[in-house]
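Architecture and fold: a report
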Amino acid sequence: MLNRVWRMIIKEFVQLKRDRYARFVLIVPPILQMLIYGYAATFEVNHVKIAVIDYDHSQESRDLLSRFTFTGRFEAAKILNNERELKSLIGESDIPLALKIGPGFAEALRKGETAHLQVIVDGSNSNTALIAVGYVNQIANQFSQDYARNRLNQVMPAMVANVPQIDLAPRPWYNPDLNSQWFFVPGVIGSITLILVVNITAFAIVREREIGTLEQIMVTPIRPFELILGKTIPFFLVGLADVVLVAVVGTLWFQVPFLGNPLVLLLGVTLFLLSTLGVGLLISTLCSTQQQAFASGFFFLNPAFILSGFAFPITSMPRAMQMLTYLNPLRYFLVILRGTFLKGVGLNVLWPQMTALAALTFVLLVVSVARFRKSID
Amino acid sequence: MTEEIVQVSGLTKCFGGLKAIDNLSFTAQKGEILGLVGPDGAGKTTTLRVLAGVLAADSGSVLLGGQDVLRNPEAIKSLISYMPQQFGLYEDLTVAENIRFYADIFEVSHAARQQREQQLLEASGMSRFRGRLAGQLSGGMKRKLGIACALIHTPQLLLLDEPTTGVDPVSRRELWSILYSLVFEGVSVLVSTAYLDEAERCHRLLLMYKGRRLFFGTPTELKSMLPGAVLSISSPNPEVLRSIVVGEQGVLSAMAMGDTVHVVVDDADLRSTQLRARFEQSRVPFGELRRTTASVEDVFVYAISRQRTQIGT
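Note on numbering: residues in each chain are counted from 1, in written sequence order. The naming scheme follows written order: chains are lettered A onward, ligands numbered 1 onward. Per-residue local features of the predicted model are confined to residues with pLDDT of at least 70, and side-chain atom pairs are confined, for both listing and counting, to 80 or more; whole-chain, interface and lining totals are unaffected and use all residues. To obtain the side-chain values, all non-hydrogen atoms of the structure were included, while hydrogens and water were left out.

**A look at the environment of F362(A)**
Strands are runs of DSSP state E lasting at least two residues, helices are runs of H or I lasting at least four, and both sets are numbered from the N terminus onward. If you trace the backbone, F362(A) turns up in helix α14 (residues 347-376). For the exposure calls, accessible area comes from a 1.4 Å probe over protein chains only, and a residue counts as buried if that area is under 20% of its type's maximum, exposed if over 50%, partly exposed in between. By relative accessible area, which is 57% here, F362(A) ends up exposed.

Here is the structure:
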């Protein structure tokens, strides 16, 4: 019996060894994706091009505007002379943001009145717009605070020390520099494994169905669970190898720390891989061609990716969507990944995720194995 | 006393409202080749699949070597081998690896496998190709490799679904000589075929039409069913000639075969004269007109056309 399972595993690896495309798919895209996420995926907004209209031409207006370019977040790309130019600029060029300082800006400030800084922003990229406006807000606030203190200093130097103010002291634990790479790299391990293992498992089984070997094997004395083991163990091992590969590239190349216990991570990886095998098996029972498997895989993977907390915070999702995330193995695995990599926490903290993942995996495997057995009977 | 390795009785299988197998009964003896013959859609493949245990039947019973397939499909799996029309070979594995894989799945011992593999590859003339990928074999060689894989565990019953369809004549002959050598070893073979000339090579025939049994017996018995005689008429335009002949009195069935038309008639001498006169009268060109011995094909066409007129399709 074990002999038969063993033989199927060997066969799978011989096929893998011969299949140049499969070897490529298992090695190059995961590394490439890790590099792409590591370098390109960031929530920070830097070097935003801005256009500037300054009707005031005062020292104050120049001071405010220079603060924008000083941080490196913004780049003064264009100085405009009137608003007519502005209309065609936003939306037609690559400049998403314009600042307009009207006449009387400095005068209002000197009188102690409210001065206006108008911000025009291209909202079609709402993410960049939101973050950039946030920065603008920060810079403008800092300017008005500094200006107020300066004025006070000139009028009543003694009072400056008594102005109440809040000093914000951010101390981000586990990622002191709020480095996006640290956030993304552990997550990428989860998303790459999910895509890879679901696809190769579903494809490998559907391919056998397509070429007729599945029916051929069914008329042999092999038992269904031997067939299932023979088809899933190889992809479990391949998935494990890919997790190690991507994790090594992530920690060595991007210097993301791994503070936790590797055994805790291994437990999480094992549970997660089993759940992805379950999904792959399930997809294979719903499809009779590889095209269908591709479409079904896509249908599952994209929502799984979005509803996982990989990039979009689950707490910001509507209630119904949040409920859906509880059915997503990636959701739990991401917590386990970030917990072991960045926080170095163990089972005493991660047990709820581990338990949920184990339960989900169990249900997935039971359903998919039952369906698979029915599909070959 | 001969032992019956296959006993099928009252077998019925429906797909939706369509009866793919309709109350079918037949037997096969140990060491014989039983041919399943019938037009496309007759239910040959469905019958083989039910016998192989991959398809459940609606009613009836199937005993293979005394074991009930419908009740316990697992029990017969080491006893039989089933080769579908498209045998599932791993095209990215070599000839030897494919054989090895099936040998291991059937738990054939190492020594037995080596001996059997050599024997099978030699018999099919494939010893030279052991290391070649299955995907790089010709169509005929793939079939032969399929049979080799199917035979690696020395089954007692081999179920073959149209093994010679799309295979060149030389490979077809080789396949049949492999089947005969199997029978010599005591293996029983159930083979479906769409080639009627191959039907004559079988020990017994099961003629199927629309899921039903039209005839069951030896090829000789089948031919003796034919009333009257067969006339062979050569013609430059067989199809036109056939359409003229069909309506004539005493003509039971007619079919175009290459550049001749085979006509089943009730009386050879009477109808020869009658047909000659008919052709000359309507100036239909024709060549030789002679009596010929009935082939399975003639009987088959006769039986089917009779069936059609009876059930009005």
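**Focus on helix α11 (residues 290-306) of chain A**
All names here are of chain A. With 17 residues, α11 extends 24 Å between its outermost C-alpha atoms, agreeing within 8% with the 24 Å of an ideal straight helix rising 1.5 Å per residue. Where α11 is concerned, the buried positions are A293, G297, L301 and A304. In a view along the axis of α11, the buried residues occupy a sector of 65°, so they form one face of it. In α11, the exposed positions that point more than 90 degrees away from the buried face belong to Q291, F298 and F299. One fewer than the residue count of a helix, multiplied by 1.5 Å, yields its expected span. The arc in question is traced by the directions running from the helix axis to the C-beta atoms.

**So, the domain arrangement of chain B**
Either an automatic procedure or a domain database provided the assignment from which the domain bounds are taken. As assigned here, chain B comprises domain 1 (4-220) and domain 2 (227-293). For domain 1 of chain B and domain 2 of chain B, the distance between their C-alpha centres works out to 38 Å.

**Topic: the sheet that holds strand β3 (residues 33-37) of chain B**
Residues and elements named next belong to chain B. We treat two strands as partners when DSSP finds at least two bridges between them. In spatial order, the strands read β6-β7-β8-β3-β9-β10; together these six strands make up an open sheet with mixed pairing. Whereas interior strands pair on both sides, the edge strands pair on one side only; in this sheet they are β6 (80-83) and β10 (212-217). The mean inter-strand angle of the sheet, taken between neighbouring strand axes irrespective of direction, is 15°. Across five bridges, strand β9 (residues 204-209) lies against β10 in antiparallel orientation. Counted as the bridge partner of Y209 is R212 from β10. Across the sheet, helix α4 (residues 139-151) touches β6 and β7 (157-161), and the angle it forms with β6 is around 160°. When checking whether two residues touch, look at their non-hydrogen atoms; a contact exists if any pair is within 4.5 Å. In this analysis an axis means a line fitted to C-alpha atoms, helices contributing only their contacting stretch, and an angle means the value between N-to-C directions, from 0 to 180 degrees. With respect to the sheet, helix α5 (residues 169-185) is in contact with β3, β7 and β8 (188-193), its orientation differing from that of β3 by roughly 135°.

**Focus on the domain arrangement of chain A**
Assigned domains of chain A: these are domain 1 (2-41 + 176-376) and domain 2 (48-162). Averaged C-alpha coordinates put domain 1 of chain A and domain 2 of chain A at centres separated by 48 Å.

**Points about the packing of α4(B) against α5(B)**
All names here are of chain B. The geometry of α4 relative to α5 is characterised by a closest axis approach of 10 Å and an angle of 15° between their N-to-C directions. In terms of their interaxial angle, α4 and α5 are classed as roughly parallel. Seen along the crossing, α4 lies across α5 with a hand that is right-handed. When α4 is examined against α5, the residues G140, R143, K144, I147 and L151 are found in contact with a partner set consisting of S171, E174, L175, I178 and L182. Note on angle classes: values under 35 degrees are labelled roughly parallel, values over 145 roughly antiparallel, values of 65 to 115 roughly perpendicular, and the remainder oblique. Here is the rule for handedness: rotate from the far helix to the near one, and if that takes an anticlockwise turn smaller than a right angle the crossing is left-handed, while a clockwise turn gives right-handed.

**Remarks on the sheet that holds strand β4 (residues 117-121) of chain A**
All names here are of chain A. Pairing within the open sheet is mixed, and its four strands lie in the order β2-β1-β3-β4. A single partner strand is all that each edge strand has here, and the edge strands are β2 (74-80) and β4. Each strand axis lies, on average, 25° off the axis of its neighbour in the sheet, ignoring direction. Bridge analysis of strand β1 (residues 48-54) against β2 gives six bridges, and the strand direction is parallel. Along β2, the bridge assignment pairs I53 with L80. Running at roughly 165° to β4, helix α6 (residues 126-155) makes contact with β2, β3 (97-101) and β4 of the sheet.

**Here we look at the interface of chain B and chain A**
With 24 residues of chain B at the interface, the matching set in chain A holds 21 residues. The contact between chain B and chain A buries some 2,300 Å² in all, and 57% of this surface belongs to carbon and sulfur atoms. Among the residues of chain B in contact with chain A, Y90(B), F101(B) and I105(B) are the three that bury the most area, contributing 25% of the side total. Any carboxyl oxygen of Asp or Glu within 4 Å of a side-chain nitrogen of Lys or Arg constitutes a salt bridge here. Taken together, chain B and chain A are joined by four salt bridges. Residues R7(A) and D104(B) are paired through a salt bridge, measuring 3.2 Å at the closest nitrogen-oxygen approach. Polar contacts, as used here, are pairs of N or O atoms within 3.5 Å; protein pairs need one atom able to donate a hydrogen and one able to accept it. Residues neighboring in sequence count only if both atoms are side-chain atoms. Run the count over chain B and chain A and you get twelve residue pairs in polar contact (both at pLDDT 80 or more). Elements with a minimum of two residues in the side of chain B that touches chain A: α1 (44-52) and α2 (95-105) of chain B. Buried surface area refers to the total accessible area, computed with a probe of radius 1.4 Å, that the two partners give up upon joining, counted for both partners together.

**Side note on the side chain of K77(B)**
Its place among the elements puts K77(B) in the loop between β5 (67-68) and β6. Within the structure, the side chain of K77(B) is placed 2.7 Å from the backbone oxygen of M218(A), a separation counted as a polar contact. When near neighbours in sequence (up to four residues on either side) are disregarded, K77(B) contacts M218(A), V219(A), T220(A), P221(A), F106(B) and H153(B).

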